Amino acid sequence: MTNLAYDSPVDGEPAEQEVAAMQALRPVPRISVQAFCETDGVAQPIERAGEDRRMSKAHLKVHMGGVATAIEFYQSAPTPNLIVLESRSEPRQLLEQLGQLAEYCDPSTKVVVIGHYNDVGLYRELIRSGISEYVVAPISMADVVSVISTIFVDPDADPIGRSIAFVGAKGGVGSSTIAHNVAWAMSTLFNSEVVVADLDLAFGTANINFDQDPAQGIAEAVFSPERIDEVYLDRLLAQCSEHLSLLSAPSTLERVYDFDADAFTQIIDTAQRSAPLLVLDVPHIWTGWTKATLMKADEIVITATPELANLRNTKNLVDMLKRLRPNDAPPKLIINQTGVPKRPEIASSDFSEPLGITPMAMIPFDPALFGNATNNGRMLGEMDAAHSVVHTINEMAHILTGRSEIKAKKKAGLGDILGKLKLKKN
Ligand SMILES: Nc1ncnc2c1ncn2[C@@H]1O[C@H](COP(=O)(O)OP(=O)(O)O)[C@@H](O)[C@H]1O
Ligand SMILES: [Mg+2]
């Protein structure tokens, strides 16, 4: 609860002390920050912090208006990685307002409060209720960067990134395509930075799907693990859209790709320190490094098509992962390419029953939609945002970021049938 606000000797020039304080701070990762300020005295150092080089990867926006404005704002907008709130309210009222805001806050969102009461009781109460830090105004630019660093950069802090590994139960089932589209959905729906890593070095398609041809990518990192840090990683990332960057595979056969089991550990750890979401596109092979990568992922998504070999492989994967990760939830399941004309298929209930997993999504076979997207290097959501498959992709983005839960698909009830009849009549 210290404050270090400095007086500037010349207007707009940072004081010597401030330069020294800033010197000690590390760059902040790709997080989104939104501040709600009641006074210029607090808004200004936050704005200046946002322009500092250490914050160049973060997205920061300052709004005027305090907690009440934030509550109104987040009723219709997703919450960022960090919310900074200035409040002049007295402690009891502040706690009450924060309680209201909590209803609209994503569980992973961190909150920092800048208050005007130097009150230890309030500080304790706020920390107990999950607020990351309470700072007393006035504040300096260095205070702002320092507080953000403590939460997101500190080596003792948890890595900010969640890793989600996508793997197919067979080759060609659509695992990569779905991984890329879910990643894109997460980056656009939640304005959250997403890094996609294409681990299929020989045949990866992320570069085609995102229409990218970067000179460097994941191969540089995996062949020189000693060089990997956040700065080096940055150079290897290709920016695909505002909030999505790609560690692309070379997709060439000049080299062979026989890796040690922990070949990707360093790059995955570094990526997880640099962005809140990491999507791993894992090829359909069973090697030391694919096993190790799946074992360590925060979340695993298996894509399968509704036929027998897929079911057997999925069952083996699910059983093996349960043994490797006894204290984790089972992987999520996507049944893809349902309803291929004339192809006999296993019903979804028969498919999921032996696995004991309710599918997170079922995606119909739709060659026109998928084919056009691939051929144009566009995401499905860019081709046809209103398509039902795009809705399903968006739903998965919500589920995988903990924003909603898997709903068991209802059997068509009388209501649905009546609904369909009505549609036909019109
Ligand atoms: N639901 C679907 N309907 C039609 N084509 C699909 C569907 N899902 C994926 N595809 C297509 O299948 C092909 C293989 O997909 P890909 O993502 O490369 O598979 P994997 O990564 O599992 O090997 C791609 O051409 C993709 O566009
Ligand atoms: Mg693939």
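Residues numbered from 1 in each chain as written. Chains lettered and ligands numbered in written order. Predicted model: local features only at pLDDT ≥ 70, side-chain atom pairs only at ≥ 80, totals over all residues.

Enquirer: Sorry, what's going on with the sheet that holds strand 1 (residues 32-37) here?
Expert: Two orientations exist for strands paired in a sheet by backbone hydrogen bonds: parallel and antiparallel. One open sheet holds the 5 strands; their spatial order is 2-1-3-4-5, and the pairing between them is parallel. Single-partner strands in this sheet number two, and they are strand 2 (59-64) and strand 5 (133-136). Neighbour-to-neighbour, the strand axes of this sheet turn through a mean angle of 15°, independent of strand direction. Across 4 bridges, strand 4 (residues 110-115) lies against strand 5 in parallel orientation. (Pairing = 2+ DSSP bridges. Helix = DSSP H or I, 4+ residues; strand = E, 2+ residues; numbered from the N terminus. Axes fitted to C-alpha atoms, helices over the stretch in contact; angles between N-to-C directions.)

Enquirer: Looking at this structure, I do not really get the sheet that holds strand 13 (residues 361-364). What am I missing?
Expert: Judged by pairing direction, the sheet is mixed, and its 8 strands sit side by side in the order 8-9-7-10-6-11-12-13 without closing on themselves. The open sheet terminates on both sides in strands that have one partner only, identified here as strand 8 (238-241) and strand 13. Taken pair by pair, the neighbouring strands of this sheet meet at an average axis angle of 25°, ignoring direction. Across the sheet, helix 17 (residues 388-400) touches strand 6 (162-168), strand 11 (299-304) and strand 13, and the angle it forms with strand 13 is around 160°. (Contact = placed C-beta atoms within 7 Å.)

Enquirer: Sorry if this is basic, but what is going on with the site of ligand 1 here?
Expert: The environment of ligand 1 is made up of 17 residues, and the closest members are Gly-168, Gly-174, Ser-175, Ser-176 and Thr-177. Counting only elements with at least two residues in the shell around ligand 1, the list comes to helix 7 (175-189), strand 12 (332-338) and helix 15 (367-376). Counted by class, the shell around ligand 1 contains 5 nonpolar, 11 polar and 1 charged residues. (Near = placed C-beta within 6 Å. Nonpolar A, V, L, I, M, F, W, Y, C, P; charged D, E, K, R; others polar.)

Enquirer: Honestly, the packing of helix 7 against helix 17 in this entry has me stumped. Any pointers?
Expert: Packed helices, taken two at a time, are described by their axes: the angle between them and the distance between them. Between helix 7 and helix 17, whose axes approach to 9 Å, the crossing angle comes to 75°. Classed by the angle they form, the pair helix 7 and helix 17 counts as roughly perpendicular. Residues Asn-181, Val-182, Ala-185, Met-186 and Leu-189 of helix 7 form the contact with helix 17, whose participating residues are Ile-393, Asn-394, Met-396, Ala-397 and Leu-400. The residue inventory of the contact of helix 7 with helix 17, partitioned by class, reads 8 nonpolar, 2 polar and no charged. (Parallel < 35°, antiparallel > 145°, perpendicular 65-115°, else oblique.)

Enquirer: Before we go on, may I ask you to explain the domain arrangement of the protein in this structure?
Expert: It is common to give the size of an interface as the accessible area lost on bringing the parts into contact. Considered domain by domain, the protein is made up of domain 1 (27-152) and domain 2 (162-409). One C-alpha centre belongs to domain 1, the other to domain 2, and the line joining them spans 33 Å. Its residues assigned to classes, the side of domain 1 that touches domain 2 shows 5 nonpolar, 3 polar and 2 charged. (Domains from an automatic or database assignment.)

Enquirer: What should I look at first to understand the pairing of strand 3 (residues 82-87) in this one?
Expert: Working note: regular strand, side chains alternate between the two faces of the sheet. With 6 of its 6 residues buried, strand 3 lies for the most part within the structure. Neither face of strand 3 is exposed, since Leu-82, Val-84 and Glu-86 on one face and Ile-83, Leu-85 and Ser-87 on the opposite face are all buried. Pairing of strand 1 with strand 3, which is carried by 4 bridges, proceeds in the parallel orientation. By the bridge assignment for strand 3, Gln-34 is matched with Ile-83. What joins strand 3 to strand 4 is helix 4 (residues 91-102), and the crossover it makes is right-handed. (Buried ≥ 20, exposed ≤ 12 C-beta atoms within 10 Å, placed from the backbone. Right-handed = clockwise from strand over helix to strand, strands pointing away.)

Enquirer: Can you help me understand the packing of helix 3 (residues 67-74) against helix 4 in this one?
Expert: Packing of helix 3 against helix 4 brings their axes to within 9 Å, and their N-to-C directions diverge by 10°. Here helix 3 is positioned roughly parallel relative to helix 4, judged by the angle of their axes. Of the residues in helix 4, those in contact with Val-67, Ala-68, Ala-70 and Ile-71 of helix 3 are Gln-97, Leu-98, Gln-100 and Leu-101. Looking at the contact of helix 3 with helix 4, its residues break down into 6 nonpolar, 2 polar and no charged.

Enquirer: How do you make sense of unusual backbone geometry when you look at a structure like this?
Expert: In the segment running from Ala-137 into Pro-138, the intervening peptide bond is cis, with an omega of 0°. Assignment of secondary structure puts Pro-138 in the loop between strand 5 and helix 6 (141-152). Backbone geometry places Asn-191, a non-glycine residue, at a positive phi of 50°. Even without being a glycine, Ser-251 presents a positive backbone phi close to 50°. Here Ser-251 lies in the loop between strand 9 (244-247) and helix 11 (265-274). Accessibility expressed as a C-beta count within 10 Å gives 17 for Ser-251, which makes it partly exposed.

Enquirer: Hey, could you run me through the nonpolar core in this one?
Expert: Nonpolar side chains in soluble globular proteins tend to end up buried together. One finds Phe-166, Val-182, Val-196, Val-279 and Leu-280 to be the most contacted residues of the largest nonpolar core, which totals 69 residues. With 7 residues, helix 7 is the single largest residue contributor to this core. Excluding its chain neighbours within four sequence positions, the residues that come into contact with Val-196 are His-180, Ala-183, Ala-206, Leu-244, Leu-246, Leu-247, Val-279 and Asp-281. Phe-36, Leu-60, Ile-114 and Phe-152 belong to the second largest nonpolar core, which has 42 residues in total. (Core = buried A, V, L, I, M, F, W, Y, C linked by C-beta atoms within 7 Å.)

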